Amino acid sequence: MKSIIGHTQQRKELANLVRSDRLPSALVFSGLHGIGKHLIAREVARQLLCEQREDAPQGGCGTCRTCTLFESGTHPDLISLSFSGERGASVDDIRQALEKMSLKPFMGGKKVAILNDADDISIVGANIILKSLEEPRPDTYFILVLANPSRLPATILSRCQRFFFDRLSPDEIKEISNLRGIQEISEALTLLADGSAASLDSLQAQSEMWEDVRAVVERAWMGDQAIVARAAQEWGADKNQVKERLTFLRTTIRQRLMATSADPSATAVWATALQNALDAEYLILDRHVNPTLTIFKTLQSCNKALASTYQTTPRQHPTLGELLIDGR
Ligand SMILES: [Zn+2]
């Protein structure tokens, strides 16, 4: 079993509920993407199915017949469905899964269904599942794992006991990266991961892009208009990665804002820039406004020389068009 970092309190509570046979039959595990909710659902499921459930440690004994089957992925009383993306479970998949759940446990114990990314479930799918939740059979458990409970129909939510899992602490993020063989993780990357190991993975993969964004923001701060114009043009044209770049841009600016609390003029620059970065995300991703112009405006507002003038006379800046066309 993959080791789980963090969430000690909830895991202990869940293990105790399993041991004393008081675990509710419908559970919602909610929290940020990539913090280990699915692993914890599996930990609970393995203990539920373990032959020594009452005495077993968290996650089951690990050695009995059912624990072994569980680990090999062939336990007949564990059903897993995932609803995310195009290959998410269909209505037919749900019907089949529920049919399996309605059978007697093969191994004579309990039956567990883990529904991953359950907030992506269709209305039709949700209604089918609702029936099973309304009339729970003895010894069957449904664990709905999701990021956003408000996307789940209230009828389902009201039938589930909810467990909330918080984001991971910077120390826990470091522990996870160590487990993955990354010895040194930068402070910035830990902060950027924002409590999610999944973000950490994509950040590691994109560290070059991240460095690039940081370098451009630094040049923007120094007033290097040519670099700013070029970056805006390049980033705006790269439609596939504009979302990531905007996230990096916002986070970089936020970090600069946090680091300059002692300097009021710098604080004003970064606060304005942060507002522009947030606006840019909304305008580009939701309103489909021209990304190049919007990114340009955001980067331009990072200019420290304009700290005193920006608030009062923002029109002093050359426009992107002027910079690119006149070659100024
Ligand atoms: Zn066991």
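Residues numbered from 1 in each chain as written. Predicted model: local features only at pLDDT ≥ 70, side-chain atom pairs only at ≥ 80, totals over all residues. Heavy atoms only, no water.

Asks: Lay out the overall build of the protein chain with the relevant residues and their values.
Replies: When helices and strands are tallied, the protein chain shows 16 helices and 5 strands. Considered along the principal axes of its C-alpha atoms, the protein chain spans approximately 80 × 40 × 30 Å. A buried classification covers 46% of the 328 residues belonging to the protein chain. Taking as baseline every contact in the protein chain between residues at least 6 positions apart, the subset at least 24 positions apart corresponds to 70%. Surface accessibility of the protein chain: about 16,900 Å² in total, with carbon and sulfur atoms responsible for 50%. Where the 38 positive side-chain charges of the protein chain centre and where its 40 negative ones centre are 3 Å apart. (Helix = DSSP H or I, 4+ residues; strand = E, 2+ residues; numbered from the N terminus. Buried < 20%, exposed > 50% of the residue type's maximum accessible area, 1.4 Å probe, protein only. Contact = heavy atoms within 4.5 Å. Areas by Shrake-Rupley, 256 points an atom, 1.4 Å probe, with all protein chains shown as cover. Lys, Arg positive; Asp, Glu negative; His and termini not counted. Charge placed at Lys NZ, Arg CZ, Asp CG, Glu CD.)

Asks: Account for the coordination of the zinc ion, naming residues and giving values.
Replies: Only Cys50 (SG), Cys61 (SG), Cys64 (SG) and Cys67 (SG) from the protein reach the zinc ion as donors, at distances of 2.3 to 2.4 Å. Here the zinc ion is ringed by 4 donor atoms whose angles at the metal span 104 to 115°, and the overall shape comes out tetrahedral. Mapped onto the sequence, the donors of the zinc ion take the spacing C-x10-C-x2-C-x2-C. (Donors = N, O, S within 2.8 Å, 3.2 Å for Na, K, Ca; no water. Tetrahedral: all angles 85-135°; square planar, octahedral: opposite > 155°, others 65-115°.)

Asks: Now, about helix H7 (residues 170-179): what can you tell me, with residues and values included?
Replies: Regarding H7, the residues found buried are Ile173, Ile176 and Ser177. Buried residues along H7 cover an arc of 95° about the axis, so they all sit on one side. Among the exposed residues of H7, those oriented more than 90 degrees off its buried face are Asp171 and Leu179. Where H7 ends, the next residue or the one after it, Gly181, has phi of about 85°, a positive value. (Arc of directions from axis to C-beta.)

Asks: Which residues make up the side chain of Lys110, and what values go with them?
Replies: One can find Lys110 in the loop between helix H4 (91-102) and strand S3 (111-116). Here the side chain of Lys110 touches Asp139 through a polar contact of 3.0 Å, side chain to side chain. Beyond its immediate stretch of four places on either side in the chain, Lys110 contacts Asp21, Leu48, Leu49, Arg53, Asp77, Pro105, Asp139 and Tyr141. (Polar contact = N/O pair within 3.5 Å; in protein donor to acceptor, adjacent residues only side chain to side chain.)

Asks: Outline the packing of aromatic side chains, listing residues and values.
Replies: Aromatic ring pairs are defined here through the distance separating the ring centres and the angle between the ring planes. Counted according to the given criterion, the structure contains 4 aromatic pairs. Both rings, one in Phe29 and one in Phe163, keep their centres 5.9 Å apart while their planes meet at 75°; by these two values the pair is edge-to-face. Within this pair, whereas Phe29 is found in strand S1 (residues 26-30), its partner Phe163 is found in strand S5 (residues 161-164), the two being separated by 134 residues in sequence. Under the relative-accessibility criterion, Phe29 is labelled buried at 0%. (Phe/Tyr/Trp six-rings, centres within 6.5 Å; stacked < 30°, edge-to-face > 60°.)

Asks: If you had to explain the pairing of S1 to someone new, which residues and values would you point to?
Replies: Among the 5 residues in S1, 5 count as buried, and that is most of the element. Neither face of S1 is left uncovered, since the one carrying Ala26, Val28 and Ser30 and the one carrying Leu27 and Phe29 both have all their residues buried. In this sheet, strand S4 (residues 140-146) lies alongside S1 in parallel orientation, the contact comprising 5 bridges. If you follow Ser30 over to S4, its bridge partner there is Leu146. Alignment of S1 against S5, held across 4 bridges, turns out to be parallel. When the sheet's bridge partners are listed, Leu27 is paired in S5 with Gln161. (Pairing = 2+ DSSP bridges.)

Asks: Describe helix H2 (residues 37-49), listing the residues and the values that go with them.
Replies: If you check H2, its first and last C-alpha atoms are 18 Å apart, about what 13 residues at 1.5 Å a residue would give, namely 18 Å. Across the 13 residues that make up H2, a large majority, 10, are buried. By the burial criterion, the buried members of H2 are Lys37, Ile40, Ala41, Glu43, Val44, Ala45, Arg46, Gln47, Leu48 and Leu49. Among the structural elements, helix H1 (8-19), S1, helix H3 (65-72), strand S2 (78-82), S3 and S4 are those in contact with the buried residues of H2. (Expected span 1.5 Å × (residues − 1).)

Asks: Got a sec to walk through unusual backbone geometry? Specific residues and values, please.
Replies: With a phi angle near 60°, Asp21 is a residue other than glycine that sits in the positive phi range. Considering the arrangement of structural elements, one finds Asp21 in the loop between H1 and S1. When its relative accessible area of 49% is taken as the criterion, Asp21 is described as partly exposed.

Asks: Describe the confidence of the model for the protein chain, with residues and values.
Replies: In regions of low pLDDT, the predicted coordinates are not meant to be interpreted in detail. With 91% of its residues at a pLDDT of 70 or more, the protein chain has an overall mean of 87. Considering only residues more than four positions removed or in separate chains, one finds that residues 310-317, a stretch of pLDDT under 50, has 11 contacts. (pLDDT = per-residue confidence, 0-100.)

Asks: Please provide a residue-by-residue account of the environment of Arg151, values included.
Replies: Tracing the backbone shows Arg151 in the loop between S4 and helix H6 (154-157). The spacing of Arg151 and Arg11 is 140 residues in sequence and 25 Å in space, taken between C-alpha atoms. A polar side-chain atom of Arg151 sits 3.3 Å from the main-chain carbonyl oxygen of Asp119. At 2.7 Å, the side chain of Arg151 and the side chain of Asp120 are in polar contact.

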